Amino acid sequence: MQPRLRIALAAVAALALSAGALCAEETRLKKGTPDLKSAGPIAFGPEGILFVGDPQGAAVFAIDTGDKTPGKADSGLKIEGLDGKIASLLGIDLKQLLVNDLQVNPVSGKVYLSITRGQGKDATPVILRINQNRELEELPLKDVAFAKATLPNASDKQRRESITHVEFVKGVVYVSGLSNEDFSSNLRGIPFPFKEANKGAGVEIYHGAHGQFETRSPVRTFTAYDIKGETNLLAAYQCTPLVKIPVSQLKPGEKVKGTTVAELGNMNRPLSMFVYEKGGKDYILIANSARGVMKVTTDEIDKIAGITNPIRGGGTAGLKYDTIKELKKVERLARLDKDHAVILAKTDDGSMYLNAIALP
Amino acid sequence: MHVLLALAVGLLDGPSIRLDGRIDGKSNAAIEVRGIDGVAAAALMEGSWNREEWTAILAVRVVGAKKDDKTPALLGSYRIVDGVLRFEPRFPLAVGVRYRAVFDPSKLPGGREGKPVTAEFHQPKPAARATAVVQHVYPSRNKLPENQLKFYVHFSAPMTKGGSYRHVQLLGANGKPVENPFLELDEELWDPDGKRFTLYLDPGRIKRGLKPREEVGPVLEEGKSYTLVIDKQWTDAEGNPLRESFRKSFTVGPPDDEAIDPKTWKLAAPLAGSRSPLVVRLPKPLDNALLQRLLWVTDAEGNKVPGDVAVSEEETCWRFRPDKSWPAGVCFLLADKALEDLAGNNIGRPFEVDVFRTVQRELKQETLRVPFRTRQSQP
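About the criteria used
- Residue numbering note: each chain is counted from 1, following its sequence as written.
- Whichever chain is written first is A, and whichever ligand is written first is 1; the rest continue in order.
- pLDDT decides what is reported in this predicted model: residues at 70 or higher carry local features, side-chain atom pairs at 80 or more are listed and counted, and totals for whole chains, interfaces and linings draw on all residues regardless.
- Side-chain numbers here rest on the full set of heavy atoms in the structure, without hydrogens or water.
- By definition, any uninterrupted DSSP run of H or I lasting at least four residues is a helix, any uninterrupted run of E lasting at least two residues is a strand, and each is numbered from the N terminus.
- With the radius of gyration taken over C-alpha atoms, the globule rule is written as 2.2 Å times the number of residues to the power 0.38.
- Throughout, a residue-residue contact means that at least one pair of heavy atoms, one from each residue, lies within 4.5 Å.
- In this count, Lys and Arg are taken as positive residues and Asp and Glu as negative ones, while His and the chain termini are left out.
- A single reference atom marks each charge: NZ on Lys, CZ on Arg, CG on Asp, CD on Glu.
- All accessible-area figures derive from a Shrake-Rupley calculation using a 1.4 Å probe, and residue coverage is judged against the displayed protein chains alone.
- The term buried area denotes the loss of accessible surface (1.4 Å probe radius) that occurs when two parts are joined, taken as the sum for both partners.
- Take a side-chain nitrogen of Lys or Arg and a carboxyl oxygen of Asp or Glu: if they are within 4 Å of each other, that pair is a salt bridge.
- N or O atoms closer than or at 3.5 Å make up a polar contact, with two conditions inside protein: a donor-capable atom paired with an acceptor-capable one, and, for residues adjacent in sequence, both atoms drawn from side chains.
- Three exposure classes are used, based on accessible area relative to the maximum for each residue type with a 1.4 Å probe and protein chains only: buried under 20%, partly exposed in between, and exposed over 50%.
- Between rings of Phe, Tyr and Trp, where Trp is taken as its six-membered ring, a pair exists when centres lie within 6.5 Å; planes separated by under 30 degrees are stacked, by over 60 edge-to-face, and by other angles tilted.
- If DSSP finds at least two bridges between two strands, the strands pair.
- Only the contacting stretch of a helix is used when fitting its axis, a line to C-alpha atoms as for every element, and angles between N-to-C directions run 0 to 180 degrees.
- Buriedness for pockets is judged along seven lines, at least five of which must meet protein on both sides within 12 Å for an open set on the 1 Å grid over protein atoms alone, while cavities are sets there where a 1.4 Å probe fits but cannot get out, and lining residues have an atom within 4 Å of a point.
- Grid points are joined across faces, edges and corners, and a volume is the space filled by probe spheres set on the points.
- When residue character is reported, Ala, Val, Leu, Ile, Met, Phe, Trp, Tyr, Cys and Pro are called nonpolar, Asp, Glu, Lys and Arg charged, and the others, Gly included, polar.
- A score between 0 and 100, pLDDT records how confident the predictor is in each residue.

The next thing to look at is the overall build of chain B. Secondary structure summary: chain B contains five helices and 22 strands in total. Since a compact globule built from 379 residues should have a radius of gyration of about 21 Å, the 32 Å found for chain B marks it as more spread out than a globular shape. The principal-axis extents of the C-alpha atoms in chain B amount to approximately 95 × 60 × 40 Å. Counting contacts in chain B only where the partners sit at least 6 residues apart, residues at least 24 apart contribute 65% of the total. Positive and negative side-chain charges in chain B, numbering 55 and 51 respectively, have mean positions lying 4 Å apart.

What follows concerns the overall build of chain A. The helix and strand inventory of chain A stands at three helices and 26 strands. Across chain A, every contact between residues at least 6 apart in sequence was considered, and the portion connecting residues at least 24 apart equals 52%. For chain A, the accessible area works out to roughly 14,000 Å², and carbon and sulfur atoms hold 49% of it.

Looking now at the interface of chain A and chain B. Taken together, the contacts link 62 residues of chain A with 66 residues of chain B. Carbon and sulfur atoms supply 53% of the area that chain A and chain B bury against each other, a total of about 5,600 Å² over both sides. The partner of Asp186 of chain B in a salt bridge is Arg332 of chain A, with the nearest N and O atoms 3.2 Å apart. Here chain A and chain B share 22 residue pairs in polar contact (both at pLDDT 80 or more) between them. Among the elements of the structure, helix 3 (82-90), strand 6 (97-104), strand 8 (124-130), strand 11 (161-169), strand 12 (172-179), strand 14 (202-209) and strand 15 (213-216) of chain A are those that each provide at least two residues to the side of chain A that touches chain B.

Inspection of every chain in the model, using the stated rule, returns 39 salt bridges over all chains. Here Arg332 of chain A ties to Asp101 of chain A by a salt bridge, and the two come within 3.2 Å at their closest N and O atoms. Here Arg332 of chain A is found in strand 24 (residues 330-335), whereas its partner Asp101 of chain A is found in strand 6, with 231 residues between them in sequence. As far as burial versus exposure is concerned, Arg332 of chain A and Asp101 of chain A are alike and both buried. One salt-bridge network, held together by shared partners, links Arg18, Asp20, Glu32, Arg34, Arg79, Arg86 and Glu88 of chain B.

Residues and elements named next belong to chain B. Taken as a whole and judged by the stated rule, the model has 24 aromatic pairs over all chains. Residues Trp190 and Trp234 carry aromatic rings whose centres are separated by 6.0 Å and whose planes lie at 75° to one another, so their mutual orientation is edge-to-face. One end of the pair, Trp190, is in the loop between strand 11 (168-172) and strand 12 (196-200); the other, Trp234, is in the loop between strand 13 (225-230) and strand 14 (246-253), and 44 residues separate them in sequence. Overall, Trp234 belongs to the buried group, its relative accessible area being 1%.

Okay, the environment of Asp348 of chain A next. With respect to the helices, strands and loops of the structure, Asp348 of chain A is situated in the loop between strand 25 (340-346) and strand 26 (352-358). C-alpha of Asp348 of chain A to C-alpha of Lys328 of chain A: the two residues are 20 residues apart in sequence and 9.2 Å apart in space.

By secondary structure assignment, the location of Lys248 of chain B is in strand 14. Within the local environment of Lys248 of chain B, its side chain forms a polar contact with the backbone oxygen of Ser140 of chain B, the two atoms lying 3.2 Å apart.

Here we take up the sheet that holds strand 10 (residues 150-155) of chain B. Residues and elements named next belong to chain B. Read from one edge of the open sheet, three strands run 8-10-12, paired in antiparallel fashion. Edge positions in the sheet fall to strand 8 (134-138) and strand 12, since each has one partner strand and no second. On average, each strand axis in the sheet is inclined to that of its neighbour by 20°, with strand direction left out of account. Pairing between strand 10 and strand 12: five bridges, direction antiparallel. Each bridged residue has a counterpart across the sheet, and for Phe151 the counterpart in strand 12 is Leu199.

Let's shift gears to the sheet that holds strand 20 (residues 330-336) of chain B. All names here are of chain B. With antiparallel pairing, three strands are arranged side by side in an open sheet as 17-20-22. Here the strands that pair on one side only, and so sit at the sheet edges, are strand 17 (295-298) and strand 22 (367-373). Across the sheet, the mean angle from the axis of one strand to that of its neighbour is 25°, orientation sign disregarded. Two elements, strand 17 and strand 20, share four bridges in a ladder whose sense is antiparallel. Within strand 20, the residue paired with Leu295 across the bridge is Ala335.

Glancing now at empty space enclosed by the protein. According to the stated counting rule, one finds two cavities of 30 Å³ or more in the structure shown. Estimates place the volume of the largest cavity at around 60 Å³. As for the largest cavity, its lining consists of Tyr138, Pro139, Gln148, Lys150, Tyr152, Leu286, Asp287, Asn288, Glu315, Asp341 and Leu342 of chain B. Looking at the lining of the largest cavity, its residues break down into five nonpolar, two polar and four charged. There is about 40 Å³ of room inside the second largest cavity. What lines the second largest cavity is Leu151, Glu161, Ile163, Val175, Ser176, Gly177, Asn186 and Arg188 of chain A. When contributions to the lining of the second largest cavity are tallied by element, the ones reaching two or more residues are strand 11, strand 12 and strand 13 (186-191) of chain A. Looking at the lining of the second largest cavity residue by residue, the class counts come to three nonpolar, three polar and two charged.

On to the environment of Phe151 of chain B. All names here are of chain B. Summarising the element assignment, Phe151 is placed in strand 10. C-alpha separation for the pair Phe151 and Ser164, spaced 13 residues apart in sequence, amounts to 14 Å. Other than its neighbours up to four places away in sequence, Phe151 contacts Val137, Tyr138, Pro139, Leu144, Phe197, Thr198, Leu199, Leu201, Leu228 and Phe250.

Our next topic: the confidence of the model for chain A. Residues and elements named next belong to chain A. Put simply, chain A has an average pLDDT of 83, and 82% of its residues get 70 or more. The secondary structure element of chain A with the lowest average pLDDT is helix 1 (residues 11-18), at 34, and the one with the highest is strand 2 (residues 42-44), at 98. A low-confidence stretch, residues 1-22 (pLDDT under 50), is modelled with 40 contacts involving residues beyond four sequence positions or located in other chains. Segment residues 307-317 is flagged for pLDDT under 50; beyond a separation of four residues in sequence, or across chains, it makes 21 contacts in the model.

Pasting the structure below:
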């Protein structure tokens, strides 16, 4: 059992410190070249291990980045015209570039990006990171220590699960996805180090609207948060509400219903989120597709219980939030250090930039 | 010997840049600088240089819309081969992209006189050939339930991924677009070939009791007409637009909140000893993709019978033709309970379960077995 953490989503950072040094044997990583077919959502584990979701190959890779020297995050980081710079580095025009995700290695404070270079058959996954000179460099994927966990539907002809989010929480890599055929709701927990026998059976996630109408609910993005000593996933459903799900309930083959803790508004999709602490209080920072960046208070999150009787007329349970007006068109955000976040956003003319910001 | 030769060439002609190989998006073409002073080339070969030092000497950049010296140089490796400085890009050079190589002799070890030498390389894209089309959109029928969950768009060629939702619109009867009707995902839902796109309608506006539906209403409303429009600007994986736009018009009927009930299916048993198909008629259309995968046939012992599935009549008819002749006696049609109808209702479980109604009991087993007996030929 991993030691319990007092404050959550420091989770990844704290785990890197508390888990102690993992040797190659313990992580079961082997030298070679990971056969990544695509690079989607990414997450950091302990000791500079990067988890890469590969929706095309229906797999999750654990890759040793070798980036293990503790370092101070660059709180002045700012890169304008990021997409143009990446395109030039990779020798393509902008139309051939997809920036899929952004994460920070909590050990070194370095920012990593998951990229697709090119389209169709020629599409190539690339992982880039930003070095101390604020330059983009490629994470080499040849002769690196890695491990692979294959997701169960890898052999299906046409069915694929798009991986919507990957996160490492206390020894388990959680993967959420949405199928291109069935409206399934699998959230998989794959214990790390990966074992051949455990491919991470899925947990079916449900949502009970007003306690009455219960549906399967695929998860779009999530983060971990300890509520009164119990680790929860705070998850945003594809059908919008923000819910809490105790990790202890996520047992393979089980059916789990999340408890709605906030409604983030209609015509809106939460894109990216994490939990941070400021002035002795915990907050959730959420980037949304249509409603900007929200700073959500966690006050009384422990008291919000499942609703057991129908509530008519749009009644909702809800955490309170402020919208951070200065932050516009933010597509991804990640915690940089205890006082800063890094955002990936677009300017009004559509070009992409990356910026370190003070946590609001 | 090689160094001397290169030195001689260099003295005669000065350095020049050339492309070794083809720009086709696949081959590993390299960019070479010939005519470098032999002493400098030898120093380059022997020394250990970092990326910054190499790119000061020779940098290849994408020529963009904006002139920007801060644009990073292409990733790649540098080496000296027979006195020639060779840059091998990390990724194949792409068709349609303009590359500029700049060689600066003053940055060579020890410095050399002379102005920077520049060369541009560009393999133009072949003229756009708009050949790809939308072949079909499922569901095939033009009357859909109010809680219709998704569409499948089938293309004739692999398509560009990313930004796909820009190219689909749902128009109301007045020709005006319905606002935010789709579930837009960063990780778009494609099949492995990139030829089938899955388009979900926003489930937040389908499920009852959720804020999006309560505030802005459902995407589709009973009694109204809509047109799904796929814009021809959507490009295939080669960057060519579609040959034509695609429109699918439909009307909307009442919501379908009923689970799929295999008891209502009508099976026409095939003739034993023949390869004629087993025909299953469905009282309501089911999801086309799932009909290919989640219905199958076994023999009396439970062995899967190999064969081909064909779905027709607006996804209300499922045909299975075995690879070998049918055995005499009992066979089974198996259905995975994850099978969905157009509104996402499963076998034994509707899309939305009203937990205050106890009549809706959930099916426990994962698959359902429907027996049928192959027909005997008439004497």
